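Descriptive structure summary
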Amino acid sequence: MEDFEMAQEHGKRETLEKETIEFIRGMPNWLKLLSIKLIEHGEINDDDFEEAIKYLSEDLGILEKSERSDLEIGQANEDHQPYYQKAILTKLKHVSGANALKKKMLIEFHPQLTVIFGENSAGKTSFSRLLKWAFFSRSEEKILPNVFKDVEDPLETKFNFDTEDGPVEMRMPGDENVSLTDQFSVFDNKAIVKHLDERNEFEFRPAGLVFFSELNGAVDKVESRVNARINELTPDNPFVDLFEGESEIKDLIEAIDTEINIDILQEHIPYTAKHQKKKDKLTKEYDELLIATKQLNTAIKSYEQLIGDLHRNKERIEKLNSEFSEESLTKISKSIIRLVQLEKAVKEEGLSSIESNVFDEIGTAEWREFIKAAHKYATYEDIDYPQDEDICILCHQELSEEANILIGKYWIYLQSEAEDRLKSAQSSQDKYQAHLRKISFNHFPEDSRLTQWLEDNENEYLGELKVQLNSQSELPDEIIEKINKRDAEALESVQVDCSMHDELIKHLEKKIKTLRGGSQLEKLNSIKSEITYLNHKKKLNKHYKKIEKFAQEQIIASILQKVPWHKFKRRITDCEKNLSAKYFSTDYVARFNQEVEALNGKIQIEVDSRGSAGSSNRQLLIKGNNPSSVLSESEQKVTAISDFLVEMELSEINKGLIFDDPSTTLDDYRKSELAKRLVREAKNKQIIIFTHDLAFLSTIIETCKDIGIEFRCHWIENTGGQSGLVYLDNTPSFEKIFKRTGKAQEWCERAKKQEPQEREDSLRSGFAALRTSYEALVVFEIFAGVVQRFAERVSIDSLRSVKYNNEIRDIVMDGFAQCCRYMEGHSHSDKFASKKPTVEALQGEIERFNEIKNNIRQIASDN
């Protein structure tokens, strides 16, 4: 059956290769070259990329096509495959700076299956993070140092492998990019959501399909190199600044980088002695004519200045007209009336309450000022006046009750609302009078340019303006007088007529136009244009070779910018997608459904496969929904593991799978099925499992024994707050191998041959194995296997073989404690402090265990 499947797979690969080759043959030469390099050599070097760009340039007509033989596709060179055919992870060692793991710990791995057992917080996840750091995982995470230490140790570790090339050591950090990092994959609970809810690219696909993503990557690199070349060819035009002024040649030079016109530009060369002679003649003629036209330019400039003066003068006069318009003067009359009304209100508002026979002028302005001065003097330094027993501030006589009341009425009068309104109105009038006094009516000073021109050309108009302005200048004094006398009769408006300003402006503009339209200026400008053209012609002749080269480079850049890279990449992606669906994706879906069903996952999962950038990807769905929003936790775990197993099963490079607590959230049946599935997978590739689940561990070990899979099982503990203490080849005591001291003796013999640093680790593992033997002694010798962990039934018949008394209890507890004292503080009792292990100590404890075991049997026989 296996031979049939291998033959079927071989035939599929051959068909895939044939279709890939047919696709390559239909591509342009530059892509064909890249494809051949990938197939035959497994890589593309810089020379290959440059040659491909040369092929592309020939196809685009940038370069002449060279005589070449047709490109033929040869066989793939297996020597250039970057991955190992044989890769077995043998050790993880020299750990430092990873969470709170003990430094320099060692884990050894079996070529088939390794289980690392430990309770929660023992350090399993920390080791799993190290493996995710080194190998492929969909749930990468940052490894923190020991946050409880003030000084951080550098994060580092080493991995050892057995390959077809011999032993290989990979250091982390430093060797992250070696191929081995892609040949092992890690699955943990954090990866579940990644597998279920995200669109994932097939990280490991058949080599025939990997070719397409690599080819798309090569196209990206060619595009990048071509874009760099375009940038080199298209700097800012360096020739524009050489050509001062405007000419037909200058226009052509400016357009070189947007419109290719080198043939038209060529019509403007050469520059000969005849052209130079013509230029000299034109220059002389221009200089002579320029002298004659300077006076003309001076006149034009003078007229332009006068036009500006007239505009500004007109604006100032119109502003005065607005200031003294009939409407403005009417407003002034109304404000005087308002002022009179306020003064009357102030006088009347409080006078009735303060009439007196003493003063005849109550309510007058003089009387009001007198009262204000008295109030200011009386209330100096915020003193209230009058108070009881106060005297008159003028005659110093005592104030009668009537006098106190009268003074209070004076103060109220001063604070009345009418007084405030009057103050505001008076303030506005004061400001307005100050404004009137500042107005200037001298808009035609004798020394101004406009005044002098008007005297020479429009003296009568100037005289009229001055007369009107003089009449208008009398208005401010008249207005001020009326305000002070409270005379509200409106003044007659005086307006200055400056309408003739517009006619003068038009007259001057016409003169400028006449001067500029003269034949002298036209001829001067015509000669200047001819001279500029000849100067440009001379410079063009001098720099033509460089300009021609620049123009040709713009042509090349323009052609390269139009290369349809996206179409080439889309064509590659479409082919990969079709072939992937035909030879890979369909197979993936079938195997995925088989895996889910095998793990008792009766779930209707849909697999949506697509292609992008030469790679295929897939999304798991249930009726269009993400599985995590529909499935139970147990079903999610089964689905995610199935997705992981199938992807790695279809991989041609994966050599090992690593699982961190894969049984979490699973029911007993699925847990058992998963254990058996992973053991079966160990026939095909290396399996490493971290678990805290004893039942799961028991099923793994029993299944290994049933189907003949070799394995190693290590125990990891957190003792005394130190996590990550690994005891090699040690398992919970249900394994009958620990009924004897063989495991402990193996570690003792190994330690005898080792250097001191490695010896200590072996000795501690030996004591750990011996400790487990004490546990097995309790289960199988003292209690005769009556109750075993994970056994389906209690062995009642074995009760008669139980060997127990206080003497047995005491010697077993003492021997167990002696092992613990060598395992870095395993015991929590102060009586048994930890002690540095030695070969002699381990050998002595092994012999002691065997003696205790024999004594137990002897005690039992005596009883």
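Attention here is on the structure that accompanies the text.

Some thoughts on the overall build of the protein chain
Summing up its helical and strand segments, the protein chain has 26 helices and 14 strands in all. Residues counted as buried form 44% of the 863 residues belonging to the protein chain. Considering only intrachain contacts with a sequence separation of at least 6, the fraction spanning at least 24 residues in the protein chain is 75%. Looking at the protein chain as shown, the accessible area adds up to about 47200 Å², and 47% of this sits on carbon and sulfur atoms.

Focus: the nonpolar core
Nonpolar side chains tend toward joint burial in soluble globular proteins. Counting 96 residues, the largest nonpolar core has Phe127, Phe135 and Phe159 as its most contacted members. The element that contributes the greatest number of residues to this core is helix 24 (residues 756-782), accounting for 11 residues. Setting aside anything within four residues of it in sequence, one finds phenylalanine 127 in contact with Leu92, Val95, Leu101, Met105, Ile107, Phe690, Ile716, Gly724 and Val726. One finds Leu306, Ile332, Ile336 and Tyr461 within the second-largest nonpolar core, a separate group that totals 34 residues.

Some remarks on the environment of glutamate 285
Here glutamate 285 is to be found in helix 9 (residues 273-323). Overall, glutamate 285 belongs to the partly exposed group, its relative accessible area being 29%. For glutamate 285 and isoleucine 527, which are 242 residues apart along the polypeptide, the C-alpha to C-alpha distance reads 8.0 Å.

What about helix 23 (residues 742-752)?
Taken together, the buried positions of helix 23 are occupied by Lys743, Ala744, Trp747, Cys748 and Ala751. Projected onto a plane normal to the axis of helix 23, the buried residues spread over an arc of 140° and lie on a single side.

A short note on the side chain of serine 765
Turning to its location among the elements, serine 765 is positioned in helix 24. A distance of 3.3 Å separates the side chain of serine 765 from the backbone nitrogen of leucine 728, its partner in a polar contact. Once residues lying within four places of it in the same chain are set aside, the contact partners of serine 765 are Val726, Tyr727, Leu728, Asn730 and Trp747.

So, the side chain of glutamate 553
Relative to the assigned elements, glutamate 553 resides in helix 18 (residues 519-561). Classification of glutamate 553 as buried rests on a relative accessible area of 18%.

Structural notes on the pairing of strand 3 (residues 113-117)
Of all 5 residues making up strand 3, 5 are buried, and the element is well covered by its neighbours. In this sheet, strand 12 (residues 686-691) lies alongside strand 3 in parallel orientation, the contact comprising 5 bridges. Counterpart to threonine 114 in the pairing with strand 12 is isoleucine 688. With 5 bridges connecting them, strand 3 and strand 13 (residues 711-719) associate as parallel partners. By the bridge assignment for strand 13, leucine 113 is matched with phenylalanine 711.

Regarding the sheet that holds strand 5 (residues 156-163)
Spatially, the 4 strands line up as an open sheet ordered 2-1-5-6, and their pairing is antiparallel. Edge positions in the sheet fall to strand 2 (107-108) and strand 6 (166-172), since each has one partner strand and no second. As judged from the 7 bridges shared by strand 1 (residues 87-96) and strand 5, these two strands associate in the antiparallel manner. The residue of strand 5 that forms the bridge with isoleucine 88 is aspartate 162.

Describing the environment of serine 247
Locating serine 247 in the fold gives a position in the loop between helix 6 (207-233) and helix 7 (248-254). In the structure, serine 247 is positioned 284 residues away from isoleucine 531 in sequence and 9.9 Å away in space, judged by C-alpha atoms. The residues touching serine 247, leaving out its near neighbours within four places in the chain, are Tyr533 and His536. A distance of 3.3 Å separates a polar atom in the side chain of serine 247 from the backbone nitrogen of isoleucine 249.

Details of the pattern of salt bridges
Applying the stated rule across the entire model yields 42 salt bridges. Note that aspartate 814 is salt-bridged to arginine 848, the shortest N-O span being 2.0 Å. Note that aspartate 814 is positioned in helix 25 (residues 806-820) and arginine 848 in helix 26 (residues 839-862), a separation of 34 residues in sequence. Three or more residues are tied together by salt bridges with common partners; here these are Arg129, Lys132, Glu141, Asp188 and Lys190.

Here is what the cut-offs are and how they apply
- Residues numbered from 1 in each chain as written.
- Predicted model: local features only at pLDDT ≥ 70, side-chain atom pairs only at ≥ 80, totals over all residues.
- Heavy atoms only, no water.
- Helix = DSSP H or I, 4+ residues; strand = E, 2+ residues; numbered from the N terminus.
- Buried < 20%, exposed > 50% of the residue type's maximum accessible area, 1.4 Å probe, protein only.
- Contact = heavy atoms within 4.5 Å.
- Areas by Shrake-Rupley, 256 points an atom, 1.4 Å probe, with all protein chains shown as cover.
- Core = buried A, V, L, I, M, F, W, Y, C linked by side-chain atoms within 4.5 Å.
- Arc of directions from axis to C-beta.
- Polar contact = N/O pair within 3.5 Å; in protein donor to acceptor, adjacent residues only side chain to side chain.
- Pairing = 2+ DSSP bridges.
- Salt bridge = Lys/Arg side-chain N within 4 Å of Asp/Glu carboxyl O.

These results come straight from atomic positions and should not be treated as a statement about function.
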